[in-house]
Amino acid sequence: MLEKNKMTIMILQTIKEDVIKEKNYSFNPVLLIGLDEIKRFNVFFVIYDKEFKSKYGNLFSYTTIEKIDLEDIKNKKLIILDNIQKIVDNKNMQDKLYELLDLCLQLKIQVILCSDTNINDLKIDELLKSKMLYGIQLYLEDNGNKDEKINS
């Protein structure tokens, strides 16, 4: 993968290893900013591949804030939420995300929040924003080269 995405890929792979080894999370929450939803999904599909999903699929969830079930996550080790930018101007979703982050911190569940937009640029509740920014921010940039592989 491109040098500029190398650190991001390494951290996502570390999170995968943490799930496999049943270790507590290393970074929480993780903000993954950049690319569009389809390209981010493809990155996750390569890292969290079929073998990982078949062995550990019950320990993680890839979804959106609209679809997340707060009761269902209690047995998970990793939650990946895409399209976080959709919480703008939606108090219910902001409240749900706030509750999710609290729950994940209490239960030691790793959370990856994905957005097309930098979180600092979102017009959301400042307390929620600070909770989201508490962890680590990672960036994925499009390289424009469709033939380049993530694992290279």
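Residues numbered from 1 in each chain as written. Predicted model: local features only at pLDDT ≥ 70, side-chain atom pairs only at ≥ 80, totals over all residues. Heavy atoms only, no water.

The next point concerns the nonpolar core. Nonpolar side chains in soluble globular proteins generally cluster together in the buried interior. If you look at the biggest cluster of nonpolar residues, it comprises 24 residues, and the most contacted ones within it are L81, I87, L97, L100, L113 and M132. Put simply, the parts of the chain that give this core at least two residues each are strand 1 (30–33), strand 3 (78–82), helix 4 (91–107), strand 4 (110–115) and helix 5 (126–132). Broken down by element, the residue count for this core peaks at 6 residues, all from helix 4. Not counting residues within four places of it along the chain, the set of residues in contact with L100 comprises I65, I68, L70, I73 and L81. I15, L35, Y48 and L138 belong to the second largest nonpolar core, which has 21 residues in total. (Core = buried A, V, L, I, M, F, W, Y, C linked by side-chain atoms within 4.5 Å. Buried < 20%, exposed > 50% of the residue type's maximum accessible area, 1.4 Å probe, protein only. Helix = DSSP H or I, 4+ residues; strand = E, 2+ residues; numbered from the N terminus. Contact = heavy atoms within 4.5 Å.)

The subject of this paragraph is the side chain of K131. Along the chain, K131 turns up in helix 5. Among the polar contacts made by the side chain of K131, one reaches the side chain of D102 at a distance of 2.3 Å. Sequence-distant contacts of K131, defined by excluding residues within four places in its chain, comprise P29, Y98, L101 and D102. (Polar contact = N/O pair within 3.5 Å; in protein donor to acceptor, adjacent residues only side chain to side chain.)

Below, the discussion takes up the environment of L78. Inspection of the secondary structure assignment puts L78 in strand 3. Note on L78: relative accessible area 0%, which makes it buried. Taking the C-alpha atoms as reference points, L78 and I112, separated by 34 residues in sequence, lie 7.7 Å from one another. Not counting the four nearest positions on each side in its chain, L78 is found in contact with I15, V19, Y48, L59, F60, S61, I109, Q110 and I112.

Glancing now at the state of the cysteines. For the structure shown, the criterion picks out 0 disulfides. For C104, which is in no disulfide, the shortest distance to another cysteine sulfur is to C114 and amounts to 13 Å. (Disulfide = S-S within 2.5 Å.)

The next thing to look at is the packing of helix 1 (residues 6–20) against helix 2 (residues 37–47). Contact geometry for helix 1 and helix 2: axes closest at 10 Å, N-to-C directions at 50°. One finds that helix 1 runs oblique with respect to helix 2. Helix 2 is crossed by helix 1, and the crossing has right-handed handedness. Taken together, the residues of helix 2 that come into contact with helix 1 (itself represented by I9, L12, Q13 and K16) are V43, F44 and I47. When its residues are assigned to classes, the contact of helix 1 with helix 2 shows 5 nonpolar, 1 polar and 1 charged. (Axes fitted to C-alpha atoms, helices over the stretch in contact; angles between N-to-C directions. Parallel < 35°, antiparallel > 145°, perpendicular 65-115°, else oblique. Left-handed = near helix turned anticlockwise from the far one by under 90°. Nonpolar A, V, L, I, M, F, W, Y, C, P; charged D, E, K, R; others polar.)

The next point concerns the sheet that holds strand 1. Two orientations exist for strands paired in a sheet by backbone hydrogen bonds: parallel and antiparallel. Reading across from one edge, 2-3-4-1-5 is the order of the 5 strands in this open sheet, with parallel pairing throughout. Strands with a single pairing partner mark the edges of an open sheet, and in this sheet they are strand 2 (60–64) and strand 5 (136–139). Direction aside, the axes of adjacent strands within the sheet are offset by 20° on average. Relative to strand 4, strand 3 runs parallel, the two being bridged by 4 bridges. (Pairing = 2+ DSSP bridges.)

Here the focus is unusual backbone geometry. One can expect most non-glycine residues to show negative phi and most peptide bonds to be in trans. Within the chain, N83 stands out as a residue other than glycine whose phi angle is a positive 60°. In this fold, N83 is placed in the loop between strand 3 and helix 4. The exposure class assigned to N83 is buried, which follows from its relative accessible area of 5%.

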